[in-house]
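Observations on the model geometry
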Amino acid sequence: MYNYAKEYYKKFGVDTEKALEILKNATVSVHCWQGDDVIGFDSRESLSGGIQTTGNYPGRATTPEELMADLDKAFSLMPGKKKLNLHASYAILNGENVGRDAIEPRHFAKWLEFAKERNMGIDFNPTFFAHPMVKDNLTLSSPDDEVRTYWINHGKACLKIAEYFANETGEPCVINFWIPDGYKDIPADRLGPRKRFKESLDEILSVPYDKTKVYVTLESKVFGIGLESYTVGSAEFCLSYSDYKGITPLMDNGHYHPTEVVSDKISSLLLFNEKIALHVTRAVRWDSDHVVILDDETKEIMKEIVRNDALDRVFIATDYFDASINRVSALVTGVRSVQKALLYALLEPSAKMKELQDSGNMTELMVVSEELKTAPFGLVWEEYLKRQNVAQDYLTEVKAYEKEVLSKR
Ligand code: RNT
Ligand code: ZN
């Protein structure tokens, strides 16, 4: 069956072997927070910051051990290269009374061990939400000196942890800054909070860190739940700041107006940045963070990366959280969908299609694009899973795990 597919794609000038080879080496950074509904282990606060998980499917991981076991199960059902993406709120404090402003690498030693044993790098995120020091929905942009200082110290502490991960794993660490700061209703001063955010970031980034192995990214957003009127870290702010500071912009495809698409933004950012970063999610009417599926926009995003030969310039991470379905399945479905979309993109005769565009042959371009949609893509995917020693049917394994492990929690 695979040979049939191989010949089929050859007619379009596509080498399936080459595609599989590239896919094998493409890394997806897998977010840990789908496993426990973004709750973490370091505070008793419920989720805040304008993001929400809905649903109450049984089996949520409630301890580091449970989360590690669930991630392990999920990783075993995903082909290809993975990285572990952690939030600061997943610090393992063992009863120690440490604030987020004072966390240290040692609070992540168990995570490091976990990643090392699995030959994985780690990405990191300071956690500026779900914490008593978030005052009036503000952190780094707060007018309250004490609040701002607390979160600046958190940022600094996280940079050190990111560097520790990079040093210890031997793989670069992407550390992503996202703050929820904003207002529910119309503010009187839009400049002040943004100026304070800028100054806070400047202060955090004044800490020396090794830029060859720690990549600082900044994630923008359009609005959050309860913060509908104003977002401090808007697209313009984050792009401008990234440019000014020489850090990496991060686009989350749930963070734009519903008719805007990240796939159209990638090329512009690639022209002006050495690296860019993505949070791949699925927004349904709002930044709902549904599980990623193999939909048109996910394919289009991956096409933009592949067509522009930018796989080594784009940090791809998943970011979604659905509490209404089996969480291990959610992790596997989302990550596999990203990988499927990547394969789909790799099976496109992009050079030929560019030529058609440049010669004004839009008729043929449309025909080729449409014909490719019914090419035997699934057979190439199946071959990939076989070569990677990963079962195609992950649901059976997930169900068994649910019965043996999740349902007993
Ligand atoms: C929120 C952002 C952010 C978070 C995670 C938990 O809208 O997308 O990336 O989802 O940091
Ligand atoms: Zn995100």
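Worth saying up front: this structure is predicted, and the values here are computed from it rather than measured.

1. What about the coordination of the zinc ion (ligand 2)?
- Looking at the zinc ion (ligand 2), one finds its protein donor set to be E219 (OE), D252 (OD), H279 (ND1) and D319 (OD), positioned 2.1 to 2.2 Å from the metal centre.
- Because the angles between the six donor atoms bound to the zinc ion (ligand 2) fall within 72 to 172°, the donor set is best described as octahedral.
- Look at where the donors of the zinc ion (ligand 2) fall in the sequence and you get E-x32-D-x26-H-x39-D. Of the two residues, D252 sits in strand 8 (residues 248-252) while D319 sits in the loop between strand 12 (314-318) and helix 10 (327-346), which places them 67 residues apart along the sequence. A single burial state applies to D252 and to D319, both of which are buried.

2. Some thoughts on the site of ligand 1
- Around ligand 1, 13 residues are found, and the nearest of them are H87, E219, K221, H255 and D319.
- In this structure, D252 approaches ligand 1 through a side-chain N or O atom, which is 2.9 Å from an oxygen atom.
- Contact distances for ligand 1 include 2.8 Å between an oxygen atom and a side-chain N or O atom of D319.
- Within the complex, the protein chains bury 99% of what would otherwise be the 310 Å² of accessible surface of ligand 1.
- A per-class count over the shell around ligand 1 returns five nonpolar, three polar and five charged.

3. Things to note about helix 10
- Over its 20 residues, helix 10 extends 29 Å from the first C-alpha to the last, a length consistent with the 28 Å expected when each residue adds 1.5 Å.
- For helix 10, a buried count of 18 out of 20 residues is recorded, marking the element as mostly surrounded by other parts of the structure.

4. Here we look at the side chain of H255
- Locating H255 in the fold gives a position in the loop between strand 8 and helix 8 (266-272).
- On the accessibility criterion, H255 (5% relative accessible area) is buried.
- Of note is the side chain of H255, whose polar atom sits 2.6 Å from the backbone oxygen of S220.
- Once residues within four sequence positions are removed from consideration, H255 is found in contact with W178, E219, S220, K221, V222 and D287.

5. Things to note about the environment of R409
- In this structure, R409 sits in the segment after helix 14 (394-404).
- Here R409 falls in the partly exposed class, since its relative accessible area comes to 33%.
- For the pair formed by R409 and P58, sequence separation is 351 residues and the distance between their alpha carbons is 8.0 Å.
- Those residues in contact with R409, other than ones at most four positions away along the chain, are G59, R60, A61, E66, D70 and Y401.
- A polar side-chain atom of R409 sits 2.9 Å from the main-chain carbonyl oxygen of G59.
- Looking at R409, its side chain comes within polar contact range of the side chain of D70, at 2.8 Å.

6. Here's the deal with the environment of N137
- When you line up the elements, N137 lands in the loop between strand 3 (122-125) and helix 5 (145-169).
- Look at N137 and you get partly exposed, because its relative accessible area is 38%.
- As a C-alpha pair, N137 and E274 span 137 residues in sequence and 33 Å in three-dimensional space.
- When residues no more than four places from it in sequence are discounted, the contact partners of N137 are D181, G182 and L227.

7. Examining the pattern of salt bridges
- Tallied over the full model, the rule gives 30 salt bridges.
- For K116, the salt bridge goes to E168, with nearest N and O atoms at 3.7 Å. Of this pair, K116 sits in helix 4 (residues 109-117) while E168 sits in helix 5; the two residues are 52 residues apart in sequence, bridging distant segments of the chain.
- Notably, a salt bridge pairs K221 with D287, separated by 3.2 Å at the nearest N-O pair.

8. Overview of the environment of A235
- Along the polypeptide, A235 turns up in helix 7 (residues 235-245).
- Judged by relative accessible area, which is 24%, A235 ranks as partly exposed.
- Each C-alpha atom of the pair A235 and P249 lies 9.5 Å from the other, and the pair is 14 residues apart in sequence.
- If we ignore the near neighbours within four places in the chain, the residues touching A235 are S220, K221 and Y256.

9. Brief notes about the packing of helix 5 against helix 6 (residues 191-204)
- One can describe the packing of helix 5 onto helix 6 by two numbers: an axis separation of 9 Å at closest approach and a directional angle of 40°. Viewed along their axes, helix 5 and helix 6 adopt a mutual orientation that is oblique. Like other packed secondary-structure pairs, helix 5 and helix 6 cross with a definite hand, here right-handed. Touching R148, W151, I152, G155, K156 and L159 of helix 5 are R196, S200, E203 and I204, all from helix 6.
- A class-by-class count of the residues in the contact of helix 5 with helix 6 yields four nonpolar, two polar and four charged.

Cut-offs and rules
- Residues numbered from 1 in each chain as written.
- Chains lettered and ligands numbered in written order.
- Predicted model: local features only at pLDDT ≥ 70, side-chain atom pairs only at ≥ 80, totals over all residues.
- Heavy atoms only, no water.
- Donors = N, O, S within 2.8 Å, 3.2 Å for Na, K, Ca; no water.
- Tetrahedral: all angles 85-135°; square planar, octahedral: opposite > 155°, others 65-115°.
- Helix = DSSP H or I, 4+ residues; strand = E, 2+ residues; numbered from the N terminus.
- Buried < 20%, exposed > 50% of the residue type's maximum accessible area, 1.4 Å probe, protein only.
- Near = heavy atom within 4 Å.
- Polar contact = N/O pair within 3.5 Å; in protein donor to acceptor, adjacent residues only side chain to side chain.
- Areas by Shrake-Rupley, 256 points an atom, 1.4 Å probe, with all protein chains shown as cover.
- Nonpolar A, V, L, I, M, F, W, Y, C, P; charged D, E, K, R; others polar.
- Expected span 1.5 Å × (residues − 1).
- Contact = heavy atoms within 4.5 Å.
- Salt bridge = Lys/Arg side-chain N within 4 Å of Asp/Glu carboxyl O.
- Axes fitted to C-alpha atoms, helices over the stretch in contact; angles between N-to-C directions.
- Parallel < 35°, antiparallel > 145°, perpendicular 65-115°, else oblique.
- Left-handed = near helix turned anticlockwise from the far one by under 90°.

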